[in-house]
Amino acid sequence: LEELYHPLLAYVLKPEKIIRNNFRLGPDKRILVISGPNTGGKTVLLKAVGLAALMARAGFFLPSAGEARVPFLSNVLAQIGDAQNLELSLSSFSGSILHMKDILSSAEEDSLVLVDEILHATDPDEATALSRAILANLQRRGAFAIVTTHLNGLKVKDAFESASMEFDPEMLSPTYRLRMGVPGSSRALEIGLKLGLEQGLIDEARSYLSVERVREQSAVDQLEARERELQGAKEELQRTQEALRLEQEQLHSLNDELAHLKKRFKAEAMEKLKQQQSAALAEVDRVATTYRKRLSSVQDKSAAAETAREEKEQLKEKFQEVQKTLEDLAPTPAEPLPREPSNEEIRASQFQKNEPVKILSMGTQGILLSDP
């Protein structure tokens, strides 16, 4: 599950205030032991996992902002809260034992078992031993189990996956962030001081801790400080990457906008060029049409003149041919001799066939082809 949160937090906190956590269980690590400070968010996380499992079985959307892969669990078994019951004469420990008995009788492969502060109301050493046996039994059955605890002997066992809720020693407050693979301290003294116990009382309590426990706590503090530094560097890197991603998106957006503007300007320029080209072509067509009309008129007139000249020449040649033919066909008269020109009026009856004549008005000569 990635970025899981309890859905009720959305009703009491602003979205940016909700702490989301990632964790994973798999075939090789089916048991998760969560330790860490009191009021650190262990129980809330446990309930969020149980709700997510039941919601997945029902086909609901999960309260997870990231990727979620949840197997179909055969059942979900939980022990959360104090099991003591005055009416049944059950102490906290006896009530939790009876509840655990019911869980063990129902747990099977692919069951999910959730236990808050397993066997916390008895001797820590014996509680640790019994808790290890219970978790090993669930593991052999193939069940999944998530338990929270303050038992030091249960926090660091290679057979189980370890995790803890983070605590900020400088602010004396939990961060509600889950750290996978790292066991955590209960921080009882720091929490007691924050909740109002006197500093002198806390100092006296600290003096009762064994040297080994003090060294252990110091090592845990150093480890947590180092992890906070790494987490801070990781978050800073994520912020830088996010800022870089936003800048890249803005750059891509600007590039897209620039490409769009170039495309639009190019289209507008091409359209304007086409309009200018069309106008120029239209003007060329108009001038060419006018020129063709004028040329056609000139050519028509020139052709008509040339045709007239050719027809005139043809008529002249034909006339000459006819005249020559007539001259060739006409016999040479022996007599009478041609009359001398006279100003006297000549009657038509005075002319005879085949007699040469001269037509004064036309200035040409000819032969009479028939009697007048």
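Residues numbered from 1 in each chain as written. Predicted model: local features only at pLDDT ≥ 70, side-chain atom pairs only at ≥ 80, totals over all residues. Heavy atoms only, no water.

J.: What should I look at first to understand the overall build of the protein chain in this one?
T.: Across its full length, the protein chain carries 8 helices and 8 strands. Of all 372 residues assigned to the protein chain, the portion counted as buried reaches 25%. Intrachain contacts of the protein chain at a sequence separation of at least 6 include 62% that bridge at least 24 residues. When the accessible surface of the protein chain is totalled, it reaches about 25900 Å², and 55% of it is carbon and sulfur. (Helix = DSSP H or I, 4+ residues; strand = E, 2+ residues; numbered from the N terminus. Buried < 20%, exposed > 50% of the residue type's maximum accessible area, 1.4 Å probe, protein only. Contact = heavy atoms within 4.5 Å. Areas by Shrake-Rupley, 256 points an atom, 1.4 Å probe, with all protein chains shown as cover.)

J.: Please explain the pattern of salt bridges as it appears in this structure.
T.: For the structure shown, the criterion picks out 7 salt bridges. Between R177 and E235 there is a salt bridge whose closest N-O contact spans 3.9 Å. In this pair, R177 sits in strand β6 (residues 173-180) while E235 sits in helix α8 (residues 211-329), placing the two residues 58 residues apart along the sequence. According to the relative accessible area criterion, R177 is partly exposed, its value standing at 30%. Where salt bridges share partners, they join E242, R245 and E249 into one cluster. (Salt bridge = Lys/Arg side-chain N within 4 Å of Asp/Glu carboxyl O.)

J.: Honestly, helix α3 (residues 92-106) in this entry has me stumped. Any pointers?
T.: Quick reminder: α-helices carry 3.6 residues per turn. Residues three or four places apart thus point the same way. If you check α3, its first and last C-alpha atoms are 22 Å apart, about what 15 residues at 1.5 Å a residue would give, namely 21 Å. Each element contacted by the buried residues of α3 is listed here: β2 (75-79), β3 (111-115) and α4 (124-141). (Expected span 1.5 Å × (residues − 1).)

J.: Looking at this structure, I do not really get the environment of Q79. What am I missing?
T.: Along the chain, Q79 falls in strand β2. Given a relative accessible area of 6%, Q79 falls into the buried group. Note: C-alpha distance between Q79 and V115 (36 residues apart in sequence) is 4.8 Å. Filtering out sequence-adjacent residues up to four positions away, Q79 remains in contact with S96, H99, M100, I103, L114, V115 and D116.

J.: Looking at this structure, I do not really get the sheet that holds β2. What am I missing?
T.: Within a sheet, adjacent strands bond to each other through the backbone by hydrogen bonds, running parallel or antiparallel. Strand order in this open sheet of 6 strands is β2-β3-β4-β1-β5-β6, and the pairing throughout is mixed. Looking at which strands have only one partner, the edges of the open sheet turn out to be β2 and β6. In this sheet, neighbouring strand axes are inclined to one another by 15° on average, regardless of whether the strands run parallel or antiparallel. Where β3 meets strand β4 (residues 144-148), 4 bridges bridge the pair, whose relative direction is parallel. (Pairing = 2+ DSSP bridges. Axes fitted to C-alpha atoms, helices over the stretch in contact; angles between N-to-C directions.)

J.: Explain the side chain of T148 to me, please; I cannot follow it from the model alone.
T.: Tracing the chain through its elements places T148 in strand β4. Look past the residues within four positions of T148 in its chain and what remains in contact with it is I34, K42, L46, V115, D116, E117 and I118.

J.: I tried to follow the pairing of β4 on my own but got confused; where do I start?
T.: Side chains on a regular strand alternate between the two faces of the sheet. Of all 5 residues in β4, 5 are buried, a share of seventy percent or more. The pairing of strand β1 (residues 31-35) with β4 spans 4 bridges and is parallel. Of the residues in β4, the one forming a bridge with V33 is V147. Remark: the β3/α4/β4 crossover connection has right-handed handedness. (Right-handed = clockwise from strand over helix to strand, strands pointing away.)

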